[in-house]
Amino acid sequence: MISGRAEQCCGCTACEQICVHNAISMKENSKGFLEPYIDQDKCVNCGLCDKVCPLLKKYTVYETDFRQKYYAAKRKDDKLRRQSQSGGAFSALAEEILNQNGCVYGVGINKKVEAVYERVVNRRKLGKLKGSKYVQASVGSTYSQVENDLQNGKWVLFSGTPCHIHGLKCFLEMKHIDTEKLITVDLICHGVPSPRIYREYKWLFSEMQGKKQINKFNFRDKRFGWHGHVAVITVGRKKIVNNDFVRFFYSHFGLRDSCYACQYTSFDRQGDLTVADCWGIEKFAPEFDDGKGCSLVLSNTAKGQDLWNIIEKEFEILTPERDQIIQPNLLHPTEMPEKTRAFWEDYKKYGCEYVLRRYCDCDPNQEYELIERNQYVKRFIRKAKNMYHRVFVTE
């Protein structure tokens with residue numbers, strides 16, 4: 001069944017995982033996003049897929065009797081904060097759940113350098129879930145894994161985009177699973193770029209490097225400062241600064257169709273907690289901003305607040321006003337660029353490299369080897385900071 005239009009789909013996989021007849025499978029569409037396809041020979045028209053779809057029912061975990069709280073937070077342990085993308089909030093939350101012999105789910109990078117949701121049960125593996133991934137992640141069978149963990153009485157922390165968290169909650173509700181031990185942590189999402197464009201960009205980059213394999217893709221390397229956005233790609237032992245995919249991300253051309261009409265861009269959050277970079281801290285509390293990263297934490301439910309109360313002693317904390325921490329995607333979805341249709345039409349005709357050059361000002365031949373005092377790298381970082389400032393500060 002699956003009513004509605006394909007462009008509304010967020011790729012959460014709830015319909016696939018709820019189907020007891022295995023009639024639904026997630027397949028890549030022409031833009032590279034996974035969406036459900038139905039095997040009519042197996043479908044019995046039971047309607048479970050429609051009932052579980054998060055885009056077909058609007059609800060939120062936001063508790064009307066709980067007053068949402070806001071925190072700007074920096075982990076006191078500088079070493080641990082350096083290992084995190086911003087101020088270290090997610091890591092501390094995850095460590096507390098692991099200390100209770102629980103499970104943590106989040107987006108990691110697999111051996112193929114693809115973004116996928118993964119399950120972690122010890123601190124040694126937690127590092128793979130840290131850091132931003134500017135591409136839509138594959139959910140796989142993680143909803144069913146969460147179901148199994150909860151049935152076994154384990155604490156579970158699930159971190160992801162608001163739409164995927166909503167999908168998880170709809171799935172567990174349909175399964176009548178007790179979610180008392182489930183903690184959800186959503187992100188302030190800018191929109192998710194196409195996995196196909198990302199895959200083809202990696203191929204182009206590998207070709208430029210003599211067909212050498214990409215071992216690691218750091219979408220935002222904080223060693224150059226938290227306020228900028230510098231991507232570092234590891235090929236063999238060589239680390240290379242190249243921001244073509246960053247330019248593609250900020251162009252907004254390659255986002256999933258549902259992102260442009262996202263229903264989760266508000267203060268009514270899906271997660272018990274929301275974590276993000278605390279952009280704007282340099283304005284309302286410049287003395288608190290040391291350039292090493294600061295987390296924004298929104299406490300949305302009593303359950304989320306209880307977990308935050310346990311770990312907050314590990315942080316330096318400010319409690320800003322709501323209007324001080326407003327970000328564009330807490331107010332509205334990312335706007336679809338005027339030439340988006342032309343972008344995809346040209347992509348189908350001419351391929352990835354063509355549209356990256358024409359629409360995103362990319363140059364696959366331009367690269368900077370990662371050498372600490374290299375003047376080219378320093379100039380590159382300045383450009384990245386200026387671009388980040390235009391997107392997050394002037395919007």
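Residues numbered from 1 in each chain as written. Predicted model: local features only at pLDDT ≥ 70, side-chain atom pairs only at ≥ 80, totals over all residues. Heavy atoms only, no water.

Peer 1: I'm lost on the layout of surface pockets in this one. Help?
Peer 2: Vacant regions in the atomic arrangement are exposed by a probe of water-molecule size rolled over the atoms. Space inside the largest pocket adds up to approximately 540 Å³. Those elements that provide at least two residues to the lining of the largest pocket are β8 (214-218) and β9 (232-235). In terms of residue count, β8 provides more of the lining of the largest pocket than any other element does, four residues in total. Split by residue class, the lining of the largest pocket holds five nonpolar, 10 polar and 11 charged. Its boundaries defined by the atoms lining it, the second largest pocket holds a volume of some 400 Å³. Along its surface, the second largest pocket is lined by 28 residues, and D257, S258, C259, A261 and C262 are the ones closest to its centre. A class-by-class count of the residues in the lining of the second largest pocket yields 13 nonpolar, 10 polar and five charged. (1 Å grid on protein atoms, 1.4 Å probe; cavity = no way out; pocket = protein on both sides within 12 Å on 5 of 7 lines; lining within 4 Å. Points joined across faces, edges and corners; volume = space filled by probe spheres on them. Helix = DSSP H or I, 4+ residues; strand = E, 2+ residues; numbered from the N terminus. Nonpolar A, V, L, I, M, F, W, Y, C, P; charged D, E, K, R; others polar.)

Peer 1: It is not clear to me how helix α7 (residues 195-208) should be interpreted in this structure. Could you clarify?
Peer 2: For an α-helix, 3.6 residues make a turn, and residues three or four places apart therefore share a direction. For α7, built from 14 residues, the straight-helix expectation of 20 Å at 1.5 Å per residue is met to within 8% by its first-to-last C-alpha distance of 20 Å. Of the residues making up α7, those classed as buried are P195, I197, Y198, Y201, K202, L204, F205 and S206. Packing partners of the buried residues in α7 comprise β8, β9, β10 (238-241), α8 (244-251), α11 (340-350) and α12 (352-360). The backbone nitrogen of R196 lies 3.1 Å from a side-chain oxygen of the residue at the head of α7, namely S194. (Expected span 1.5 Å × (residues − 1). Buried < 20%, exposed > 50% of the residue type's maximum accessible area, 1.4 Å probe, protein only. Contact = heavy atoms within 4.5 Å. Polar contact = N/O pair within 3.5 Å; in protein donor to acceptor, adjacent residues only side chain to side chain.)

Peer 1: How should I be thinking about the packing of α7 against α8 in this particular structure?
Peer 2: Helix-helix packing: each pair is described by the crossing angle between the helix axes and the interaxial distance. One way to put it is that α7 packs onto α8 with a least axis distance of 11 Å and a crossing angle of 160°. Classified by the angle between their axes, α7 and α8 sit roughly antiparallel to one another. With respect to the hand of their crossing, α7 and α8 are arranged in right-handed fashion. Contact residues: I197, Y198 and Y201 in α7; D244, F245 and F248 in α8. (Axes fitted to C-alpha atoms, helices over the stretch in contact; angles between N-to-C directions. Parallel < 35°, antiparallel > 145°, perpendicular 65-115°, else oblique. Left-handed = near helix turned anticlockwise from the far one by under 90°.)

Peer 1: It is not clear to me how unusual backbone geometry should be interpreted in this structure. Could you clarify?
Peer 2: Most peptide bonds take the trans form, and the phi angle of most residues other than glycine is negative. Notably, V113 is not glycine yet its phi reads approximately 60°, a positive angle. Position of V113 relative to the elements: it lies in the loop between β4 (103-109) and β5 (115-120). Judged by relative accessible area, V113 falls into the buried class, the value being 3%.

Peer 1: Sorry if this is basic, but what is going on with the pattern of salt bridges here?
Peer 2: Where charged atoms from two side chains of opposite charge come close, those side chains can pair. Using the criterion set out here, one finds 21 salt bridges in the structure. Across the pair E314 and R75 runs a salt bridge whose closest N-O atoms are separated by 2.7 Å. Of the two residues, E314 sits in the loop between α10 (302-311) and β13 (315-318) while R75 sits in strand β3 (residues 69-75), which places them 239 residues apart along the sequence. Accessibility expressed as a relative area gives 27% for E314, which makes it partly exposed. (Salt bridge = Lys/Arg side-chain N within 4 Å of Asp/Glu carboxyl O.)

Peer 1: Is there a simple way to explain empty space enclosed by the protein in this structure?
Peer 2: Counted by the stated rule, this structure contains five cavities of 30 Å³ or more. Space inside the largest cavity adds up to approximately 890 Å³. If you go around the largest cavity, you meet 42 residues; those closest to its centre are G131, S132, K133, L187 and V275. If you list the elements that add at least two residues to the lining of the largest cavity, you get α4 (89-99), β4, β6 (156-160), β11 (273-277) and α13 (375-392). Its residues assigned to classes, the lining of the largest cavity shows 20 nonpolar, 18 polar and four charged. Considered as a void within the structure, the second largest cavity measures approximately 90 Å³ in volume. Considering the residues around the second largest cavity, the lining is formed by 13 residues, among which C19, I24, C43, C46 and C49 are closest to the centre. Considered class by class, the residues forming the lining of the second largest cavity number 10 nonpolar, three polar and no charged.

Peer 1: What should I look at first to understand the sheet that holds β4 in this one?
Peer 2: As summarised here, the arrangement of the eight strands in space is β5-β4-β6-β7-β11-β12-β3-β13, forming an open sheet in which the pairing is mixed. Unpaired on one side and paired on the other, β5 and β13 mark the two borders of the sheet. Each neighbouring strand pair of the sheet contributes to a mean axis angle of 25°, computed without reference to strand direction. For β3 and strand β12 (residues 295-299), the ladder comprises five bridges, and the chain directions are antiparallel. Across the sheet, residue Y70 finds its bridge partner in β12, namely L298. (Pairing = 2+ DSSP bridges.)

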